[in-house]
Structures are given as structure tokens and as C-alpha cells.
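Results of the structural survey
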Amino acid sequence: GAGVSQSPSNKVTEKGKDVELRCDPISGHTALYWYRQSLGQGLEFLIYFQGNSAPDKSGLPSDRFSAERTGGSVSTLTIQRTQQEDSAVYLCASSLVVGQQYFGPGTRLTVT
Amino acid sequence: GNSVTQMEGPVTLSEEAFLTINCTYTATGYPSLFWYVQYPGEGLQLLLKATKADDKGSNKGFEATYRKETTSFHLEKGSVQVSDSAVYFCALSGPQGGSEKLVFGKGTKLTVNP
């Protein structure tokens, strides 16, 4: 079966532009997570969805970051007015069973 | 809040050597513990897990035992192979802030030479 997919795989953008990152979870997985992986900070949690609602947004670093999930499936992470410190690999994971998260390949974001 | 501390490395071993990567954690309650692996150019994969004290997780010759008394979950393998070269992440999850989000250590890069 298909795993978690993310698009684009790479994104280069200029400072100040907005970007949208997409995640397609494994079909039927109700939980969806976004994480960020950077050299300086390691792997950090950003936001958690259960269905279409986001009960835990505690990891979003600023109000420039937002995310939504529609139809209990696809999720989009939006970063407005990108800054160089936003450069990182953004990872999405989905889960049906507590404690078993399946990760996508990630989107490498470079802000120039 | 919850946190994970792991040996940062890098670690370089010869093939068939014994591997230990140390991991300790701080958490409220009873978290579940995990080791994830990231092979070069690939995504994160779950390697093994343990959900309660004294449980041993194992996979592909790797083992880790959930030690509540020492708050540790050290990863071991008796005889490493070149194909084990990867970055290994220790992680925990537990109900906090309304989610089962994973809290990761910084990762340990392992290189195995033939």
C-alpha cells in the first residue's frame, strides 16, 4: 500500500514569500503530525491533527505558520513571509495506532 | 516538559563490532519509547519500540530495554553491518498537550566500515 507522501520534495523560495507544503497521509489514518528537522534544532514537533481538528498546535514557532487538514486526509502547512531560519526539512507523519507513526520523505525548504 | 538525551556521536565502528547508543529520558507518567532510523537519502523509519517498563523492543538484530529505574532505553546490536550505517534517533511519546507527539533526541550518526 502507499505510504505517506509529501510534495514538493524540494522548494527554494525567496525571503518574504509564502509557501505551501502538502502531506498525503496513509489512507484511513486519523492522526497526522508535522515535524521540522534542522541542523541546529534537530527534530521538532509542529502540530497534530486528529481528523480535521488540531488539538495540539504547541510547536508552531510563530503566527507565520499555519496548517489545515480537510476531509480527514490531506494536510497543508503554510508558511507566510518566509525567513531564512525557516529553512529545514518538513516532515509529515500519520498514525492509526497510538505510538506507531509513519513518516513521509519530507520537503526540503530553502529560503534564500 | 518531556525530553530525550542521546549520545550524539558520530560513532564509527568496524563490521561485526558491538554497538551501544545511549538514550535517557525525562517524562511525566509512563511514556512509550522508540528508536527511529534514517538511512542515507531516506525517510525516518520506526526501528523498534517499547510501551511499558521492562519491555524489550527488537528488530533487525537491534534491541533496547525500557528501564524505568534508570529512565533509559539504550540501543544495542551484537554485530553491526555496513548496511546499518545511518542516523539513529531515540524518541518518546506520551499524552501531553492533547497529542501523542514524538519528542526526539538529537540523533546519532553511525558509520560502519568494512
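A few points on the structure. Just so it is clear, the model here is predicted, and its values are computed rather than measured. (Residues numbered from 1 in each chain as written. Chains lettered and ligands numbered in written order. Predicted model: local features only at pLDDT ≥ 70, side-chain atom pairs only at ≥ 80, totals over all residues. Heavy atoms only, no water.)

**Topic: the overall build of chain B**
Secondary structure summary: chain B contains 0 helices and 12 strands in total. In chain B, the order of α-helices and β-strands from amino to carboxyl end is β-β-β-β-β-β-β-β-β-β-β-β. In terms of overall dimensions, chain B is globule-like: its C-alpha atoms have a radius of gyration of 14 Å, near the 13 Å expected for 114 residues. A principal-axis box enclosing the C-alpha atoms of chain B has dimensions of 45 × 30 × 20 Å. The burial tally for chain B puts 48% of its 114 residues in the buried class. When contacts within chain B are restricted to residue pairs at least 6 apart in sequence, those whose partners lie at least 24 apart make up 55%. Carbon together with sulfur atoms contributes 48% to the accessible area of chain B, which is approximately 5,300 Å² in total. The distance from the centre of the 10 positive side-chain charges to the centre of the 11 negative ones in chain B is 6 Å. (Helix = DSSP H or I, 4+ residues; strand = E, 2+ residues; numbered from the N terminus. Rg over C-alpha atoms; globule rule 2.2 N^0.38 Å. Buried < 20%, exposed > 50% of the residue type's maximum accessible area, 1.4 Å probe, protein only. Contact = heavy atoms within 4.5 Å. Areas by Shrake-Rupley, 256 points an atom, 1.4 Å probe, with all protein chains shown as cover. Lys, Arg positive; Asp, Glu negative; His and termini not counted. Charge placed at Lys NZ, Arg CZ, Asp CG, Glu CD.)

**Description of the sheet that holds strand β7 (residues 65-69) of chain A**
Residue and element names in this part refer to chain A. Taken in spatial order, the 4 strands make up an open sheet running β1-β3-β8-β7, and their pairing is antiparallel. Both edges of this open sheet fall to β1 (5-7) and β7, since each of them pairs with a single strand only. Across the sheet, the mean angle from the axis of one strand to that of its neighbour is 15°, orientation sign disregarded. Note: strand β3 (residues 19-24) against strand β8 (residues 75-79), 5 bridges, orientation antiparallel. The residue bridging L21 from the neighbouring strand is L77, located in β8. (Pairing = 2+ DSSP bridges. Axes fitted to C-alpha atoms, helices over the stretch in contact; angles between N-to-C directions.)

**Points about the interface of chain B and chain A**
Every contact between the two is made by 18 residues of chain B and, on the other side, 18 residues of chain A. Carbon and sulfur atoms make up 54% of the area that chain B and chain A hide from each other, which totals about 1,500 Å². Its largest share of buried area at the contact with chain A, chain B owes to L44(B), E100(B) and K101(B), together 30% of the area lost on that side. Connecting chain B to chain A are 1 salt bridge. A salt bridge links D56(A) to K101(B), with the shortest nitrogen-to-oxygen separation between them at 2.7 Å. When its residues are assigned to classes, the side of chain B that touches chain A shows 7 nonpolar, 7 polar and 4 charged. (Buried area = accessible area lost by both parts, 1.4 Å probe. Salt bridge = Lys/Arg side-chain N within 4 Å of Asp/Glu carboxyl O. Nonpolar A, V, L, I, M, F, W, Y, C, P; charged D, E, K, R; others polar.)

**Quick look at the pattern of salt bridges**
Within this structure, the stated rule accounts for 7 salt bridges over all chains. Notably, a salt bridge pairs R22(A) with D24(A), separated by 2.8 Å at the nearest N-O pair.

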